[in-house]
Amino acid sequence: MASPSDSKVTIEETDDFSSSNQNGLMHLTKKLIEIRTMLLSIDQSDALKLPSIVVIGSQSSGKSSVLEAIVGHEFLPKGNNMVTRRPIELTLIHTPANGTDAVEYGEFPGLGLGKITDYAYIQKTLTDLNLAVPSTDAISNEPIDLRIYSPHVPDLTLIDLPGYVQIASLDQPETLKEKITALCEKYIREPNIILAVCAADVDLANSPALRASRKVDPLGLRTIGVITKMDLVPPDQGATILSGNRYPLHLGYVGVVCKPSGKKGRKETIEVVARRGDDYFRSNREQFYGTGHLMVGTDTLRRRLMEVLESSMASSLHGITNAVQLELEEAQYQFKVQYNDRRISPESYVAETVDALKARFKEFTAQFRKPAVREKLKGMLDERVMDVLEQLYWSDKRLPEFTALGESRVRAEIVGREGDGREGGEGIGRAV
Ligand SMILES: Nc1nc2c(ncn2[C@@H]2O[C@H](COP(=O)(O)OP(=O)(O)OP(=O)(O)O)[C@@H](O)[C@H]2O)c(=O)[nH]1
C-alpha cells in the first residue's frame, strides 16, 4: 500500500482528472470488473471484492460535500439537519465518450425513473427518499441504490452514510447512536476504504469516525483522514491537524474546503467551490506549502484515493488468480468425468445434447399416460361443476323466498314438537 509520502503533492502539481494516471486506473478497474462479472457467472462471486469508498463522520461534518467533490457533481442532499438518513450506495460506471458528446446520466434501479440527466432532479429525489424516513426512526438501514454513468468517472462504488450523533434529540429513538454505529460498522469492513471525515473546528479527540475506523483498521492502512471546513480554523491550527502528529494515520490526512458561497439562490458548480478551496490554501501558502508538504485540496484527495485503490486492487489480484486457477481445475475435472477425454466437436456436442433432451422427453411422456390425464381432467371438471352450481345458487332470485320458507318450516316443526311433547333435533334437521 502506498505511504503518505508517496503522495504529498500540492495543488500546483496536480493534473487534470483525466490524466494518464487516471486513465490507467480506469482501465485497471474496468478489467477487474470484467473479471468479477465472469467470476459471478461461474458462482465465484466472493473471489473478487472491489473495495468501496465509505464516508463516515459526525453529522454535518461535510461528508456529502466531500463525496461530491470526488465525483465532480452536486447531487447529494446537504444541510445541517441530518439529511442523510439512509445509506446512499453510489455506483460510478465509466462509459466511453461518444465523440464530443459526453453522455452522463443517473439511474435509480429500484425506482424505475429511467435515465436522469438533470443532477438537480437526482438531488431532489435523494432528498425526498431520505426525508421520507420518519423522525421517530431517524435512520433506515435500507440503502438507496444510485448509479451514475459518465465518461468522466472511474468504475467505483462510493457510500455516503448517516452521520454519527452524540445524543439523540427528543423526537429521535434513544437507540439512535447505537443504530448509526452498527450501520457504519457494517460498511467499514475490509476491503473497503474508509474516508474518516472530521471537521477542523471539532477536536479530533472527539471524532467518532476516527474511533470507529481505528477499531477495524488499527494501523490506518485503509483509512484516509479528511479534514473538512479548514476555513473555519486559523491556518496554523489547520496545518497542525494535517501533520497528523497527534493521531497518526498511515495514509495521512487531507485538508479540504468545500465551502458554499452562502449567497441565497446562487447555484455554484463543484468546480467553483473547489476553486474557492484551492484559493484558500494558496492564500495561506506559508502554512500549507511550507516545509511540511501537507496534503490539501480536493484534487489531492482524489489522487490519494486513486493510489490507495490501485494498491488495494493489486493486493487482491493474488486471490483472483487462485480463484480462477481453482475454477479451471474443477472444469477440467468435470470435463474428464463427463467426456472421459473424448474429442468433442460443436456438432457432436449438439447431437449429444439433443439425444439427452429426447430421452428426457420420452421419460416425461411415459409418466403422463391416459389414466393420469383422465384423473387430472376429472378433477378439473368436478371443480368447474361445483363453481357453476355455486354461482347458480347465489344468483337465484328466489333465494330469500327459499330462506323464508325454510325458516317457517323449522318454526312449525318446533311448535308441533312442543305441542305433542316430542324431543330431539332429528325432525328439525329433516325440516331444514
Ligand atoms: N465553511 C464550510 N462549510 C462547509 C464545508 N463543507 C461543508 N460545509 C457545510 O456544512 C454543512 C454540512 O455539510 P454536508 O456535506 O451536508 O455534511 P454531511 O456530513 O453530509 O451531513 P449529514 O449527512 O446531515 O450528516 C453544509 O451546510 C455545507 O455547506 C467547508 O469546507 N467549509
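Up top is the structure.
A short tour of the structure in this document, coming up. (Residues numbered from 1 in each chain as written. Predicted model: local features only at pLDDT ≥ 70, side-chain atom pairs only at ≥ 80, totals over all residues. Heavy atoms only, no water.)

1. Considering the site of the ligand
So, step 1. What surrounds the ligand is a group of 22 residues, the closest being K63, S64, S65, T84 and C258.
So, step 2. Within the side chain of S64, one N or O atom sits 2.7 Å away from an oxygen atom of the ligand.
So, step 3. S65 places a side-chain nitrogen or oxygen 2.6 Å from an oxygen atom of the ligand.
So, step 4. Starting from 660 Å² of accessible surface for the ligand in isolation, the protein chains cover 91%.
So, step 5. Among the residues forming the shell around the ligand, the class breakdown is six nonpolar, 11 polar and five charged. (Near = heavy atom within 4 Å. Polar contact = N/O pair within 3.5 Å; in protein donor to acceptor, adjacent residues only side chain to side chain. Areas by Shrake-Rupley, 256 points an atom, 1.4 Å probe, with all protein chains shown as cover. Nonpolar A, V, L, I, M, F, W, Y, C, P; charged D, E, K, R; others polar.)

2. Some remarks on the sheet that holds strand β4 (residues 144-150)
The pairing of strands in a sheet happens through backbone hydrogen bonds and is either parallel or antiparallel.
So, step 1. The mixed open sheet is built from nine strands, whose spatial order is β3-β4-β2-β5-β1-β6-β7-β8-β9. Across the chains shown, the open sheet's two edge strands, defined by having one partner strand only, are β3 (105-107) and β9 (295-296).
So, step 2. Alignment of strand β2 (residues 88-94) against strand β5 (residues 156-160), held across five bridges, turns out to be antiparallel. By the bridge assignment, I88 is partnered in β5 with D160.
So, step 3. Packed on one face of the sheet, helix α3 (residues 119-131) meets β2, β3 and β4 and runs near 170° to β4. (Pairing = 2+ DSSP bridges. Helix = DSSP H or I, 4+ residues; strand = E, 2+ residues; numbered from the N terminus. Contact = heavy atoms within 4.5 Å. Axes fitted to C-alpha atoms, helices over the stretch in contact; angles between N-to-C directions.)

3. Considering α3
So, step 1. Here α3 spans 18 Å end to end across 13 residues, near enough to the 18 Å set by a 1.5 Å rise per residue.
So, step 2. Turning to α3, its buried residues number three or more, namely Y119, I122, Q123, T125, L126 and N130. Along α3, the residues classed as buried sweep out an arc of 165° about the axis, all on the same side.
So, step 3. Residues of α3 that are buried in the fold lie against α2 (63-71), β2, β3 and β4.
So, step 4. The opening residue of α3, the one whose side-chain oxygen lies 3.0 Å from the backbone nitrogen of A120, is D118. (Expected span 1.5 Å × (residues − 1). Buried < 20%, exposed > 50% of the residue type's maximum accessible area, 1.4 Å probe, protein only. Arc of directions from axis to C-beta.)

4. Some points on the pattern of salt bridges
A side chain of one charge can pair with a side chain of the opposite charge if their charged atoms are brought near each other.
So, step 1. What the rule picks out here adds up to 10 salt bridges.
So, step 2. We note a salt bridge from E185 to K215, for which the minimum N-O separation is 3.4 Å. Placement of E185 in helix α4 (residues 176-187) and of K215 in helix α5 (residues 208-216) is noted, with a sequence separation of 30 residues between them.
So, step 3. Relative accessible area serves as the criterion here: at 62%, K215 is assigned to the exposed category. (Salt bridge = Lys/Arg side-chain N within 4 Å of Asp/Glu carboxyl O.)

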